[in-house]
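What follows is the residue order along each chain.
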Amino acid sequence: MNTAESVPKTPSCCSMSPLNLEEFRRQGYMAIDFIADYYQNIEKHPVLSQVEPGYLKNVFPKSAPYSPEPIETILHDVQKHIVPGITHWQSPSYFGYFPSSASTAGFLGEMLCTGFNVVGFDWMSSPAATELENIVMEWLGEMLTLPKCFLFAGNGGGVIQGTTCEAILCTLVAARDRMLSQIGKDSIGKLVVYGSNQTHSALQKAAHVAGIHKTNCREIETTRSTSFALSPESLRLAICLDIESGLVPMFLCATIGTTATTAVDPLRPLCDVANSYGLWVHVDAAYAGNACICPEFQHFLEGVEGAHSFSLNAHKWFFTTLDCCCLWLKDPKALTKSLSTNPEYLMSNPATNSEQVVNYKDWQIALSRRFRSMKLWLVLRSYGVANLRSFLRSHVKMAQLFEDLVASDKRFEVVVPRNFAMVCFRALPLPTSKEVSENGMAVYGHKISYDQECSNQLNKELLKSINASGHLYLTHAVVAGLYIIRFAVGATLTEDRHVFTAWKVVQEHLDAVTGM
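Residues numbered from 1 in each chain as written. Predicted model: local features only at pLDDT ≥ 70, side-chain atom pairs only at ≥ 80, totals over all residues. Heavy atoms only, no water.

- Where an unreviewed UniProt entry is consulted, the chain appears under the name Tyrosine/DOPA decarboxylase 1-like, with the organism given as Populus alba x Populus x berolinensis.
- Reading the Cofactor (unreviewed entry) entry of the UniProt record for the chain gives the comment "pyridoxal 5'-phosphate".
- In its Sequence similarities (unreviewed entry) section, UniProt records this for the chain: "Belongs to the group II decarboxylase family." (UniProt positions renumbered as here; feature names shortened; annotations may be inferred.)

## Focus on the UniProt feature "modified residue: N6-(pyridoxal phosphate)lysine" (unreviewed entry) in the chain
Reasoning step 1: The feature "modified residue: N6-(pyridoxal phosphate)lysine" (unreviewed entry), as given by UniProt, occupies Lys316 in the numbering adopted here.
Reasoning step 2: When you line up the elements, Lys316 lands in helix 10 (residues 314-317). (Helix = DSSP H or I, 4+ residues; strand = E, 2+ residues; numbered from the N terminus.)

## Considerations on the layout of surface pockets
Reasoning step 1: Each pocket or cavity is described by its volume, and for the largest pocket that value is around 1,400 Å³.
Reasoning step 2: For the largest pocket, the lining is made up of 40 residues, of which Ala31, Ile32, Ile35, Phe107 and Met111 are closest to its centre.
Reasoning step 3: Among the secondary structure elements, those contributing two or more residues to the lining of the largest pocket are helix 2 (21-40) and helix 4 (104-116).
Reasoning step 4: Considering every element that reaches the lining of the largest pocket, the biggest residue donor is helix 2, with 14 residues. (1 Å grid on protein atoms, 1.4 Å probe; cavity = no way out; pocket = protein on both sides within 12 Å on 5 of 7 lines; lining within 4 Å. Points joined across faces, edges and corners; volume = space filled by probe spheres on them.)

## Examining the pairing of strand 11 (residues 482-488)
Sheet faces and side chains relate simply in a regular strand, where the side chains alternate between the two faces.
Reasoning step 1: With 7 of 7 residues buried, strand 11 lies mostly within the body of the structure.
Reasoning step 2: Of the two faces of strand 11, both are covered, the one formed by Leu482, Ile484, Arg486 and Ala488 as well as the one formed by Tyr483, Ile485 and Phe487.
Reasoning step 3: Two elements, strand 9 (residues 422-427) and strand 11, share 4 bridges in a ladder whose sense is antiparallel. Residue Met422 lies in a different strand from strand 11, and its bridge partner there is Ala488.
Reasoning step 4: Of the pairings in the sheet, the one linking strand 10 (residues 475-479) to strand 11 comprises 5 bridges and is antiparallel in character. (Buried < 20%, exposed > 50% of the residue type's maximum accessible area, 1.4 Å probe, protein only. Pairing = 2+ DSSP bridges.)

## Focus on the sheet that holds strand 3 (residues 217-220)
Reasoning step 1: Here we have 7 strands laid out as an open sheet, ordered 1-7-6-5-4-2-3, and mixed in their pairing. Sheet topology places strand 1 (157-161) and strand 3 at the edges, where each strand pairs with a single neighbour. Each adjacent strand pair in this sheet contributes to an overall mean axis angle of 20°, direction not counted.
Reasoning step 2: Pairing of strand 6 (residues 309-313) with strand 7 (residues 325-329), which is carried by 5 bridges, proceeds in the antiparallel orientation. If you follow Phe310 over to strand 7, its bridge partner there is Trp328.
Reasoning step 3: The strands touched by helix 7 (residues 202-209) within the sheet are strand 2 (191-196), strand 3 and strand 4 (248-255), with strand 2 carrying the most contacts at an inclination of about 170°. (Axes fitted to C-alpha atoms, helices over the stretch in contact; angles between N-to-C directions. Contact = heavy atoms within 4.5 Å.)

This is the structure we're talking about:
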């Protein structure tokens, strides 16, 4: 047998092009139709996925196919096997965590971002990617009325990161290196970072990655009496105690809209305290910062001029698909000094050498970066400031509607004042036999002292029952020992009717859980 005969013939299917444009048009139309149909029928699906762990292993082959399969077959499997395993964040009855609001402009922007598939690590790698990011960050910064010192026009500047975790890590590293340049690199074990016990866990993770010992991460207690906002007096006390112990305060993460309750830390007094001790202040406004394009919410940012950096997630409540975290800095050089790398293969860049351009590789952890500004640009242009404000206000009004419904039923209470479009509430347990009125009817109300353990267990069972039904999805938090249920409005398709239905579901499941 000769050599030619011993070599297997290459199947003709393997000669297909991975970028067949005519096939792309055909398949692209099919994919868009599939997505449109998904949204058209999204209310038919249980909001929370009902599958069991490992379910896909039982339906998909153990190995990848040797030969190509048609898109029709693949989309059929998506519908049959993937969709049931999705928790539908875009469902109008999704009220869990925080929103990840979608829009057709966001979809199209993501399509263009993916289609161009540029790797925009510096200006020369794709000038449009860098310059468009400069522009949209200026636009959004001005919409928020951020002080000029955070904008390129004021020697600051903005960058689009992937998530808040990245934004906090980058700024914390910059703060770390700034402080170590003053006290010496060997003193890293003395550095302390501060937040409240409501601060996102991203701060702890960033501190760990940046080499800050976990015992030097302060979670300052907050109380219900102050709506769980960080107290400037408590911050000052914590800083003074650390200084007395020979430690070095370095970084404060203040929050506008905490995860548990959307609490708002008082920026001005916190910045005054932090700046008096030389701390870097980062403001995490991941969720609630989006609302601050509306004039009626901009008072929450009063004092932000005293911070060093500020971030929000446009992929949460700004109709820009994941991922898109917008970070502004007063002094970008503090960041680039920590994160810059200049390998030889990137040196032949006249624009960089002239220092007339931004090289975003030096503003982030990774070298490669996506053309994220494309989708934010499409959202801003497709809807305009007026419509974006209207969208956000409609969600706030629906949250207010739900809050009023909760307040109208004495079996429930609103745990903390509502700031934005999320309501924190809980069911109150039945009073004991000693806490009844003279006619024998149960008395509900805030004056009755409820057993906290009993109350927490009731709300755990209530939430479990609601989510198991598939009719809606809610999530919880624990603050000051209280187990509370969070109702976050923000899905693009949500309307008043979904809020009314959600409240009816909550009431019905409380009846079922309590046997009333």
